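Residues per chain are reported as follows:
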Amino acid sequence: MANLKEIRNRITSVSSTMQITSAMKMVSAAKLKKAQDAITAMRPYAEKLTELLQSLSATMDGEVGGSFTAQREINKVLIVAVTSNRGLCGAFNTNVIKQAKAIADSYEGKQVDIFSIGKKGGDVFKKTNTVVASHNAIFDNLTFDAVAEIADELTEMFTSGAYDKIEIVYNQFKNAATQIVQTEQFLPLAPVASDAAASAGDYIFEPSKEEIVLTLIPKSLKTQLYKAIRDSFASEHGARMTAMHKATDNATELRDQLKLTYNKARQAAITNEILEIVGGAEALKG
């Protein structure tokens, strides 16, 4: 059995760790509320914008999306992996990294590069893949304008022919305890459903439908990327809060076990001292 000093040191260490994890849990819980409200408020707008774009496109003949809908032979693929800048959030980053690598493996014989958003993913991918760009500072000031610049960069990579397909991998926020890894095609735009035309009303368009669609597409792409990063941001805080909650519970349980061990060791030491005193007294009598 470990001596009393060692057990006391372990109790102190575990208690300190428990205080840290508890504080991190509270911080993540506070940040989660704000991030959750932001993504919840944004989703209806993003979905309606996509619905409007599909409705307009379905009523038009020919290629209305221009370079955004160009279907080329897939030789070069870019995967946008959205992770976090910090760890201590369970399997949050690992799940995205695994999914991105699985997608890369599915394009066997093709050139597959990584566009990293988040330091944790970038650090891993640099060892195994080609990382063409890293945007880690985006989470310091997560605004639509900041994300729009990244979306423009991705759009330029596709329209210039540098890549034939761009996919986004991120964690979609469901609740504080559940994050769902999602893979979305960013470019080229997926063909719209043919039955979407039925939902389009008899409208007079000013300017023309073509101009409206070509204006909506870049905005829709920026909104799609912003929603993905917002989802990931909320998921990160939810995952960290859950992980720190479990860590605090485990630390509490370990501390209680150590205290029990300490009390047993202390009682055993007192009993031994009493026995030694009694034994010495008996020896003096004899």
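Anything mentioned here points back to the structure above.
Residues numbered from 1 in each chain as written. Predicted model: local features only at pLDDT ≥ 70, side-chain atom pairs only at ≥ 80, totals over all residues. Heavy atoms only, no water.

Draft legend 1. Up close: the sheet that holds strand 4 (residues 165-175). Across the sheet, which stays open at both edges, the 5 strands sit in the order 3-2-1-4-5 with mixed pairing between neighbours. Among the strands making up the open sheet, the edge pair consists of strand 3 (130-134) and strand 5 (178-187). Strand after strand, the sheet turns through a mean of 25 degrees between neighbouring axes, direction not considered. Looking at chain direction, strand 1 (residues 76-82) and strand 2 (residues 111-117) are connected through 7 bridges and run parallel. Considered in strand 2, the bridge of Ile79 is made with Ile114. Contacts from helix 4 (residues 144-159) reach strand 1, strand 2, strand 3, strand 4 and strand 5 within the one sheet, and its direction differs from that of strand 5 by about 45 degrees. Where helix 5 (residues 209-285) meets the sheet, its contacts fall on strand 1, strand 2, strand 4 and strand 5, and the angle it forms with strand 4 comes to roughly 45 degrees. (Pairing = 2+ DSSP bridges. Helix = DSSP H or I, 4+ residues; strand = E, 2+ residues; numbered from the N terminus. Axes fitted to C-alpha atoms, helices over the stretch in contact; angles between N-to-C directions. Contact = heavy atoms within 4.5 Å.)

Draft legend 2. Inspection of the pattern of salt bridges at higher detail. All told, the structure shown has 10 salt bridges when counted by the stated rule. One salt bridge in this structure joins Lys222 and Asp152, with 3.6 Å as the shortest N-O distance. Remark: Asp152 occurs in helix 4 and Lys222 occurs in helix 5; sequence separation between them is 70 residues. A salt bridge links Lys227 to Glu184, with the shortest nitrogen-to-oxygen separation between them at 3.9 Å. In this pair, Lys227 is assigned in helix 5 and Glu184 in strand 5, connecting sequence segments 43 residues apart. (Salt bridge = Lys/Arg side-chain N within 4 Å of Asp/Glu carboxyl O.)

Draft legend 3. Quick peek at helix 4. For helix 4, with 16 residues, the first-to-last C-alpha span of 22 Å sits near the 22 Å given by 1.5 Å per residue. For helix 4, the set of buried residues is Val147, Ala148, Ile150, Ala151, Leu154, Thr155, Met157 and Phe158. Those residues of helix 4 that are buried lie in contact with strand 1, strand 2, strand 3, strand 4, strand 5 and helix 5. Backbone geometry just downstream of helix 4 places Gly161 in the positive-phi region, at approximately 90 degrees. (Expected span 1.5 Å × (residues − 1). Buried < 20%, exposed > 50% of the residue type's maximum accessible area, 1.4 Å probe, protein only.)

Draft legend 4. Layout of the environment of Ser55. Among the structural elements, Ser55 can be located in helix 1 (residues 4-58). With a relative accessible area of 13%, Ser55 lands in the buried category. Between the C-alpha atoms of Ser55 and Val213, which are 158 residues apart in sequence, the distance is 10.0 Å.

Draft legend 5. Quick peek at the packing of helix 2 (residues 92-106) against helix 3 (residues 119-128). Look at helix 2 against helix 3: their axes get within 10 Å of each other, and the N-to-C directions meet at 35 degrees. Of the two possible hands of crossing, helix 2 and helix 3 adopt the one that is right-handed. Here Asn93, Ile97, Ala100 and Lys101 of helix 2 lie close against helix 3, whose contacting residues are Lys120, Gly121, Val124, Phe125 and Thr128. Considering only residue class, the contact of helix 2 with helix 3 consists of 4 nonpolar, 3 polar and 2 charged. (Left-handed = near helix turned anticlockwise from the far one by under 90°. Nonpolar A, V, L, I, M, F, W, Y, C, P; charged D, E, K, R; others polar.)

Draft legend 6. Spotlight on the packing of aromatic side chains. On inspection of all chains with the given rule, the structure shows 2 aromatic pairs. Taking 5.9 Å as the distance between ring centres and 15 degrees as the angle between the ring planes, the aromatic pair formed by Phe139 and Phe233 counts as stacked. Placement of the pair is Phe139 in the loop between strand 3 and helix 4 and Phe233 in helix 5, with a sequence separation of 94 residues. Residue Phe139 shares its accessibility class with Phe233, and that shared class is buried. Consider the rings of Phe144 and Tyr226, whose centres lie 5.5 Å apart with planes at 85 degrees: the pair is edge-to-face. Remark: Tyr226 occurs in helix 5 and Phe144 occurs in helix 4; sequence separation between them is 82 residues. Looking at Phe144, the relative accessible area reads 28%, which means it is partly exposed. Between the NZ or CZ atom of Arg72 and the centre of the ring of Phe158, over which it lies, the distance is 4.4 Å. (Phe/Tyr/Trp six-rings, centres within 6.5 Å; stacked < 30°, edge-to-face > 60°. Lys NZ or Arg CZ within 6 Å of the ring centre and 35° of its normal.)

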